[in-house]
Amino acid sequence: GIQVEQSPPDLILQEGANSTLRCNFSDSVNNLQWFHQNPWGQLINLFYIPSGTKQNGRLSATTVATERYSLLYISSSQTTDSGVYFCAVVTGANNLFFGTGTRLTVIP
Amino acid sequence: GAVVSQHPSRVICKSGTSVKIECRSLDFQATTMFWYRQFPKQSLMLMATSNEGSKATYEQGVEKDKFLINHASLTLSTLTVTSAHPEDSSFYICSARDSPHKNTGELFFGEGSRLTVL
């Protein structure tokens, strides 16, 4: 099956810093989403981005489908950004695969 | 975005009992819903695809007799953990997309249900 790797696995930032999270996938995909899982476990939709670039406030994402990766940018990080960030991809077989996740801790 | 709701959010049960978790799409109809399981500090694993009006499709290694899935209407899917054991303790999350197209469209997730089996 498809492999979805995220890097880095863990990231500690000072409040106000910027960061880039990466998602690499091993096969072509029909759909890619980024999620933020908060400390209570809820998955918050960040971006639906099978290709191209999108921005939403301090967050933006870029997917280069031909090169099989996606990036999530977080600017001016806040403590409320802490949690685990997942990318997830849908393949042609309609199977949804989650990445390994990046655990972000933003310290004041 | 579309809203998916799960109930209960937390459940504690004794070993050997069965537990039912509900997943509802509140503002759209979902012919397909997905059930995931997440162990502590790990990623989400797809357990099964729930299809309205037909049998669920289970991923390899998931016991269909242990995890019963029923998708009786276009807005409700249920997951029943039968004869639960401590190793079934986990975080269970459902999702659905509000698109009629199987492979496209944004997926929305419920709040999750944390099961603890004593």
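In what follows, the accompanying structure is described.

About the cut-offs
- Residues numbered from 1 in each chain as written.
- Chains lettered and ligands numbered in written order.
- Predicted model: local features only at pLDDT ≥ 70, side-chain atom pairs only at ≥ 80, totals over all residues.
- Heavy atoms only, no water.
- Core = buried A, V, L, I, M, F, W, Y, C linked by side-chain atoms within 4.5 Å.
- Buried < 20%, exposed > 50% of the residue type's maximum accessible area, 1.4 Å probe, protein only.
- Helix = DSSP H or I, 4+ residues; strand = E, 2+ residues; numbered from the N terminus.
- Contact = heavy atoms within 4.5 Å.
- Buried area = accessible area lost by both parts, 1.4 Å probe.
- Salt bridge = Lys/Arg side-chain N within 4 Å of Asp/Glu carboxyl O.
- Nonpolar A, V, L, I, M, F, W, Y, C, P; charged D, E, K, R; others polar.
- Pairing = 2+ DSSP bridges.
- Disulfide = S-S within 2.5 Å.

1. Quick word on the nonpolar core
In this structure, F67(B) and L115(B) are the most contacted members of the largest nonpolar core, which totals 27 residues. Elements represented by at least two residues in this core include exactly β2 (10–13), β3 (19–25), β4 (32–38), β5 (44–51), β7 (67–73), β8 (76–81), β9 (90–97) and β11 (113–117) of chain B. Those residues within four positions of L115(B) in sequence are excluded, and the remaining contacts are V11(B), C13(B), V19(B), V81(B), D88(B), S89(B), S90(B) and Y92(B). Judged by nonpolar contacts, the second largest core, of 22 residues, contains L32(A), F47(A), L72(A) and L104(A).

2. Some points on the interface of chain A and chain B
Residue-level contacts link 22 residues of chain A with 22 residues of chain B. Both sides of the chain A and chain B interface together cover about 1700 Å² of buried area, and 50% of this is carbon and sulfur. Viewed at the interface, chain B and chain A are joined by zero salt bridges. Secondary-structure elements contributing two or more residues to the side of chain A that touches chain B are β4 (31–37), β5 (43–48), β9 (83–90) and β10 (96–98) of chain A. Residue contributions to the side of chain A that touches chain B peak at four residues, all from β4(A). Residues that form the side of chain A that touches chain B fall into these classes: eight nonpolar, 13 polar and one charged.

3. So, the pairing of β5(A)
Residue and element names in this part refer to chain A. Inspection of the sheet shows β4 paired to β5 by five bridges, in the antiparallel sense. By the bridge assignment for β5, Q37 is matched with L43. Between β4 and β5, which pair antiparallel in sequence order, lie five residues; one of them, G41, sits at a positive phi of approximately 100°.

4. Considerations on the state of the cysteines
Residues and elements named next belong to chain A. In the structure shown here, the tally under the stated rule is two disulfides over all chains. The disulfide partner of C23 is C87, and the gap between their sulfur atoms is 2.0 Å. As the torsion about the S-S bond is roughly 70°, the C23-C87 disulfide counts as right-handed. Placement of C23 in strand β3 (residues 19–25) and of C87 in strand β9 is noted, with a sequence separation of 64 residues between them. With a relative accessible area of 0%, C23 lands in the buried category.

5. Let's talk about the pattern of salt bridges
All names here are of chain B. Under the definition given, this model contains three salt bridges over all chains. Between E22 and R24 there is a salt bridge; the shortest N-O distance is 3.4 Å. Classification of E22 by relative accessible area gives partly exposed; the value is 24%. Taking the shortest distance from any N to any O, the salt bridge between D88 and K66 comes out at 2.8 Å. A residue pair is termed long-range when its members are at least 10 positions apart, and D88 in the loop between β8 and β9 and K66 in the loop between β6 (57–58) and β7 qualify at 22 residues. For K66, a relative accessible area of 11% puts it in the buried group.

Keep in mind that these numbers describe shape and distance, not what the molecule does.
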